[in-house]
Structures are given as C-alpha cells and as structure tokens.
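A look at the structure
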Amino acid sequence: MTCSGLVHYTVRRSGAELLRVRRDQARAGRAVASLGQARPGDLTFGSPVDHIGINAGATTTVVAPLAGDVIKVQQITRTPAALRRVV
C-alpha cells in the first residue's frame, strides 16, 4: 500500500470523502496551523509534499513508507510541510 492509498482508505472508512492522489489530498479539508495544534487523524505531509501520513498524536504519524512495505508508526522529526484536517 502506498502512503496516499493508506490515507485514502482510512479517511473513507471514517465516512469522509477524499481524493486518491496526494497532491489532491494536500488541498483537502482545512489547514492546521502547527504540529502543536494537530489532532490524531490529521494528515501530515513531508517536505516537499511527497509523503503523507496520519497523525497518531504527540509527535507520531502512521505511514505506509513504500508500496509493499508494512504500515508503521514513525516519529515526526521535522516540521511537516503541511497539516490538514479532513475528518
């Protein structure tokens, strides 16, 4: 599963609509001003917007790093390029 595929699947399972491609996902919902204001479920985008995850709270995000790799919980070590709230 790819990162955008994981996000698409998860958000749709929550009942919200979300397009499949990460560049569209980066414009969905509304912006979150900072990591400190992010909630679990908010979308986290790497810089540039080439990777996407789902905020798991504190400083962690759930990601599918590469197609064929397992889903992982990773530490957020850099300020995300964007944070979006879609749910």
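Quick note: structure is the one above.
Only a predicted model underlies this, so the values are computations on that prediction, with no experimental measurement involved.

**Here's the deal with the sheet that holds strand β4 (residues 60-63)**
Taken together, the 6 strands give an open sheet; going across it, the order is β1-β6-β2-β3-β4-β5, and neighbouring strands pair in antiparallel fashion. With partners counted over all chains shown, the strands left at the sheet margins are β1 (30-31) and β5 (72-75), one partner each. Where strand β3 (residues 52-57) meets β4, 3 bridges bridge the pair, whose relative direction is antiparallel. Looking at the pairing, N55 lines up with T61 of β4. Seen against the sheet, helix α1 (residues 3-13) touches β2 (43-45), β3 and β4 and runs at an angle of roughly 55° to β3.

**Quick notes on the side chain of T60**
Here T60 lies in strand β4. A distance of 2.9 Å separates a polar side-chain atom of T60 from the backbone oxygen of G57.

**Thoughts on the pairing of strand β6 (residues 82-85)**
The alternating pattern of β6 places A82 and R84 on one face and L83 and R85 on the opposite face, and all of these are buried. Where β1 meets β6, 2 bridges bridge the pair, whose relative direction is antiparallel. From the neighbouring strand, R30 faces β6, where its bridge partner is R85. Here β2 runs beside β6; their pairing, made up of 3 bridges, is antiparallel. Opposite F45, over in β6, you have A82 as the bridge partner.

**Quick word on α1**
Inspection of α1 places C3, S4, G5, L6, V7, H8 and V11 among the buried residues, and these make up the whole buried set. The inward-facing, buried residues of α1 abut α2 (22-25), β2, β3 and β4. At the exit of α1 stands G15, carrying a positive phi of roughly 100°.

**Focus on unusual backbone geometry**
In the Ramachandran plot, A58 falls in the positive-phi region, its phi being about 50° despite a non-glycine side chain. The topology assignment puts A58 in the loop between β3 and β4. With relative accessibility at 69%, the residue A58 sits in the exposed group.

**What about the pattern of salt bridges?**
Within the structure shown, the criterion is met by 4 salt bridges. Where D42 meets R85, a salt bridge forms, and the shortest distance between an N and an O atom there is 2.8 Å. Linking D42 in the loop between β1 and β2 with R85 in strand β6, this pair joins segments that are 43 residues apart in sequence. Here D42 and R85 have matching classes, each one buried. Between K72 and D69 there is a salt bridge; the shortest N-O distance is 3.3 Å. Taking relative accessible area as the criterion, K72 reaches 33% and is therefore assigned partly exposed.

Rules of the game
Residues numbered from 1 in each chain as written. Predicted model: local features only at pLDDT ≥ 70, side-chain atom pairs only at ≥ 80, totals over all residues. Heavy atoms only, no water. Pairing = 2+ DSSP bridges. Helix = DSSP H or I, 4+ residues; strand = E, 2+ residues; numbered from the N terminus. Contact = heavy atoms within 4.5 Å. Axes fitted to C-alpha atoms, helices over the stretch in contact; angles between N-to-C directions. Polar contact = N/O pair within 3.5 Å; in protein donor to acceptor, adjacent residues only side chain to side chain. Buried < 20%, exposed > 50% of the residue type's maximum accessible area, 1.4 Å probe, protein only. Salt bridge = Lys/Arg side-chain N within 4 Å of Asp/Glu carboxyl O.

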